[in-house]
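Spelled out, the chains give:
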Amino acid sequence: MATYDKATGTGGLDASIQFETDRAENAGDAFNGTFAFTNNYYSIRTSAADLVALSTVLAVGNCGGPKIPLRVGRVDATEGGALGVPEPQQDLDTHKKKFAKAGFSTEDMIAMVACGHTMGGVHGKTFPEITENNTESNVVHFDSSESTFDVKVATEYLDGTTQNPLVIAYNDTLNSDKRIFGADNNVTMKALASDPKTFQSMCADIFERMIDTVPSTVTLTEPLEPIPLKPYITSFSLTNTTHITLTGRIRLLTGLDRYDDERVTLTYTPRTLPAGNSTLITTIVTSPANFKLGISSGIFGELFKWHEFSVALPASTSIKSFTATVTRVSTGATTSYDNAGHGYPLDDTVLYQDRQSCRIGNDATIVAAIRRSVDAPVVAKVARKYAKQGTLVPAIEVEEWKGEVGQEVGDYNLVSIKGVQQPESYSTHFDILAGESGVEYLGTSALGQKECEAF
Ligand code: HEM
């Protein structure tokens, strides 16, 4: 975002850096290292720019820093952006002008650079003129706690014990932190150093503004927060002529005092009411997961407990939506979750048959069960990843694979959809669509791990 132009609203955090890593002003391999890692999470729904923002939030949070609000919706640039990343040999006036162009005051610049330089350091192999030691492993750290996001970058600078190579370099021309930190007679550095909590909150504020510096055409969401209860559907497929299997997990935001004392029950609404006077049990009981205590945690102290379920539902009545009730075993107290009155919806028009789907070599077969009442061609829209010139981040293109109708099973037709996936696309996503209905964002990774089972 260093080259953002506030006046025109261009540049900002758009991941254009992926095309700029061989520029002299971006010396070092940090960004290619970052993209090599974030590519594992890059998909048709997640931009590389959002992943850079997420990486900032997680790196800072994991190193003891503050919780930076994370908004998403960034759009990736398709080519390199303007030159102009600040460099250590440039003078203070140049740095002030660069930050001002991007919409940041001198005080903002001081806080942003100081907060950025509480972690890591200068590499001898990249900047031997600063470190005066060009050995591969030599890194001179900005403060004495280089892997902790703490106030030491400011206190050590103010008390004169700093070993920050951009403050005490032998060649004073390269001392950009010394010039920047002192640009307002140390007023901002003193505020940062005044107490650890102030440091954390000032850094959270400036980093929030930094990662939200985006092109004016981009609209970001509200900050993401984990929702109290989140259902994950792992399989929703036809088992035989009479039944549909619904398998999933509920992620419940919980606490150490209660994670073992909660039980989750689902109540569902059938798609069609049972015929005549037959009754239908619409309760789905979940079981607390056991693997690794069935818990997982977020980096800001969140604790989640997982509750699993798997049921065979009659295909004739099926399911339209469900709600969840959490009961405290010790007190009997209950809390209901109904997705803001909508219930958690399920559409059984198009079912993905994960067991019948597979990939042998590069030949993928996706099988879907489509309600016979649907009179529309069935297609899979498959995201294809391919290498792109000048960047480590792959390009994504959506291919359409056509379905062929096969066996009839009860109220459904099985449809087989075939296509070719090269290794770079083994881990991607697809939607299955039939007219207005469909299932979205299914993963292809599991396809390669098994044979296609006969129905
Ligand atoms: C005038 C502005 C800035 C200048 C001249 C500057 C300069 C530098 C230099 C020369 C390095 C060493 C890079 C290497 O050896 O690979 C560095 C590292 C670093 N900078 Fe800056 N920087 C500036 C602003 C910022 C800002 C705003 C942030 C973040 C908010 C930041 C975060 C970092 C981090 C985390 C490292 C350590 C990288 C590592 O250990 O691999 N810098 N900076």
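Since the model is a prediction, treat every value here as computed from it, not as a measurement.

Definitions and limits used
Residues numbered from 1 in each chain as written. Predicted model: local features only at pLDDT ≥ 70, side-chain atom pairs only at ≥ 80, totals over all residues. Heavy atoms only, no water. UniProt positions renumbered as here; feature names shortened; annotations may be inferred. Helix = DSSP H or I, 4+ residues; strand = E, 2+ residues; numbered from the N terminus. Donors = N, O, S within 2.8 Å, 3.2 Å for Na, K, Ca; no water. Buried < 20%, exposed > 50% of the residue type's maximum accessible area, 1.4 Å probe, protein only. Pairing = 2+ DSSP bridges. Salt bridge = Lys/Arg side-chain N within 4 Å of Asp/Glu carboxyl O.

Asks: Would you mind going over the UniProt feature "domain: Plant heme peroxidase family profile" (unreviewed entry) in the protein chain with me for this structure?
Replies: UniProt feature "domain: Plant heme peroxidase family profile" (unreviewed entry): in the numbering of this structure it lies at residues 47-251. Counted over residues 47-251, helix gives 37% and strand 12%. Its end C-alpha atoms are 25 Å apart.

Asks: Could you clarify how one ought to interpret the coordination of the iron atom of the ligand in this entry?
Replies: Ideal geometry at a metal gives 109.5 degrees between four tetrahedral donors and either 90 or 180 degrees between six octahedral ones. Just one protein atom donates to the iron atom of the ligand; it is His 117 (NE2), sitting 2.1 Å from the metal. Topologically, His 117 is positioned in the loop between α4 (106-116) and β1 (121-123).

Asks: Please clarify how the pairing of strand β15 (residues 363-371) should be interpreted in this entry.
Replies: Look at any regular strand and the pattern is simple: side chains alternate between the two faces of the sheet. Extensive coverage of β15 is indicated by the burial of eight of its nine residues. Where strand β14 (residues 358-360) and β15 come together, three bridges link them in antiparallel fashion. Looking across to β15, one finds that Ile 360 is bridged to Asp 363. Hairpin connection of β14 to β15: two residues between the antiparallel strands, including Gly 361 at a positive phi of 60°. Bridging between β15 and strand β18 (residues 412-420) involves nine bridges; their strand directions are antiparallel. Bridge assignment links Ala 364 to a residue of β18, and that residue is Gly 419.

Asks: Would you mind showing me how to read the pattern of salt bridges here?
Replies: Oppositely charged side chains can pair when the atoms bearing their charge come close. Applying the stated criterion to the full structure yields 24 salt bridges. Across the pair Lys 97 and Asp 93 runs a salt bridge, and its minimum N-O distance is 2.9 Å. Taken as a pair, Lys 97 and Asp 93 lie in helix α3 (residues 92-101) at a separation of four residues, close to a single helical turn. We classify Asp 93 as partly exposed; its relative accessible area is 42%.

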